[in-house]
Amino acid sequence: MLDASLGARCVLSTTEMTTMALELRPNCEYCDRDLPPASKLARICTYECTFCADCVDNVLFNVCPNCGGGFTQRPIRPVNEWRPGLSLAKRPASTKRVSLSYELANIAAHSLRIRNFPPEER
Ligand SMILES: [Zn+2]
Ligand SMILES: [Zn+2]
């Protein structure tokens, strides 16, 4: 049953949008390669764990070492302020580099255990 008020709940003010913004982490948490905000190689899981496409495809096999979920391409935040308060300059990317706390063997075993399940069945 569709509620007529449902649509209204999805409308966010620009203040709410800026507080909810993705962190846009600066590096791959596995190989430490730089992933600037405009990078098309950045991949994220639902928790914003961030890796490069090479690591996701060839090392992690689409299994997040932290949560076990799959990845998608990280969207690119517009440089231009098309709406007031919403741009890369107004809400800059994070500069805090992140790295994994698991041993490489642990990550490999974790991926092997999970990778054959599609993300929607994990
Ligand atoms: Zn990487
Ligand atoms: Zn994750």
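Here is a short report on the structure shown in this document. One numbering rule holds for all chains: residues counted from 1, following each sequence as written. Chain A is the first chain written and ligand 1 is the first ligand written, with later ones labelled in order. At least 70 in pLDDT is required for a residue's local features to be given in this predicted model, at least 80 for side-chain atom pairs to be given and counted, and no such filter applies to totals for whole chains, interfaces and linings, which use all residues. Hydrogens and water are ignored here; the side-chain numbers use all heavy atoms of the structure.

In this section: the overall build of the chain. Helix and strand labels come from DSSP, where a helix needs a run of H or I of at least four residues and a strand needs a run of E of at least two; each type is numbered from the N terminus. A count of helical and extended segments in the chain gives four helices and three strands. Scanning the chain from its N terminus toward the C terminus, one meets helices and strands in the order α-α-β-β-α-β-α. Burial classes follow relative accessibility: with a 1.4 Å probe on protein chains only, a residue under 20% of its type's maximum area counts as buried, one over 50% as exposed, and anything between as partly exposed. Across the 122 residues in the chain, those meeting the buried criterion constitute 30%. Whether two residues are in contact is decided by their heavy atoms: any pair within 4.5 Å suffices. Considering only contacts in the chain between residues 6 or more positions apart, those separated by 24 or more positions represent 57%.

Okay, the nonpolar core next. Among buried residues, the Ala, Val, Leu, Ile, Met, Phe, Trp, Tyr and Cys ones that are joined through side-chain atoms within 4.5 Å form a nonpolar core. Of all hydrophobic cores here, the largest spans 14 residues; its most connected members are Cys28, Phe51, Leu60, Cys64 and Phe71. Mapped by element, the contributors of at least two residues to this core are β2 (50-52) and α3 (53-60). Top element by residues in this core is α3. It accounts for three residues. Residue contacts for Phe71: discarding those within four places in its chain leaves Arg43, Ile44, Cys45, Cys49, Phe51, Val56, Leu60, Asn62, Val63, Cys64 and Pro65.

Another point: unusual backbone geometry. A negative phi angle characterises most non-glycine residues, just as the trans form characterises most peptide bonds. Notably, Glu48 is not glycine yet its phi reads approximately 75°, a positive angle. Even without being glycine, Asn62 reaches a positive phi, approximately 60°. Secondary-structure assignment places Asn62 in the loop between α3 and β3 (72-73). Under the relative-accessibility criterion, Asn62 is labelled partly exposed at 25%.

A separate point is the coordination of the zinc ion (ligand 2). Ligating atoms shown are N, O and S within 2.8 Å of the metal, or 3.2 Å for Na, K and Ca, and water is not included, meaning a site may look less than complete. Note on the zinc ion (ligand 2): its protein donors are Cys45 (SG), Cys64 (SG) and Cys67 (SG). The metal-donor distances range over 2.3 to 2.4 Å. For Cys64, a relative accessible area of 0% puts it in the buried group.

Here Glu29 is to be found in the loop between α2 (14-19) and β1 (42-44). Polar contact is defined as a pair of N or O atoms within 3.5 Å, subject to the rule that within protein one atom must be able to donate a hydrogen and the other to accept it, and that residues adjacent in sequence are counted only when both atoms are side-chain atoms. Polar side-chain contacts of Glu29 include one of 2.7 Å to the backbone nitrogen of Thr50. Not counting chain neighbours up to four residues away, the residues in contact with Glu29 comprise Glu48, Cys49, Thr50, Phe51, Asn66, Val98, Ser99 and Leu100.

Locating Pro118 in the fold gives a position in the segment after α4 (104-114). In the structure, Pro118 is positioned 48 residues away from Gly70 in sequence and 8.1 Å away in space, judged by C-alpha atoms.

On to α3, then. Within the sequence span of α3, burial applies to Ala53, Cys55, Val56 and Leu60. Elements that come into contact with the buried residues of α3 comprise β1, β2 and α4. Following α3 by one or two positions, Phe61 adopts a phi angle in the positive range, close to 50°.

The subject of this paragraph is the side chain of Arg25. Topologically, Arg25 is positioned in the loop between α2 and β1. A distance of 3.0 Å separates a polar atom in the side chain of Arg25 from a polar atom in the side chain of Glu29. A polar contact is formed between the side chain of Arg25 and the backbone oxygen of Glu48, at a distance of 3.2 Å. In this structure Arg25 touches Leu35, Tyr47, Glu48, Cys49, Thr50, Arg74, Ser94 and Val98, once residues within four positions along its chain are discounted.

Just geometry here; none of it tells us what the structure is for.
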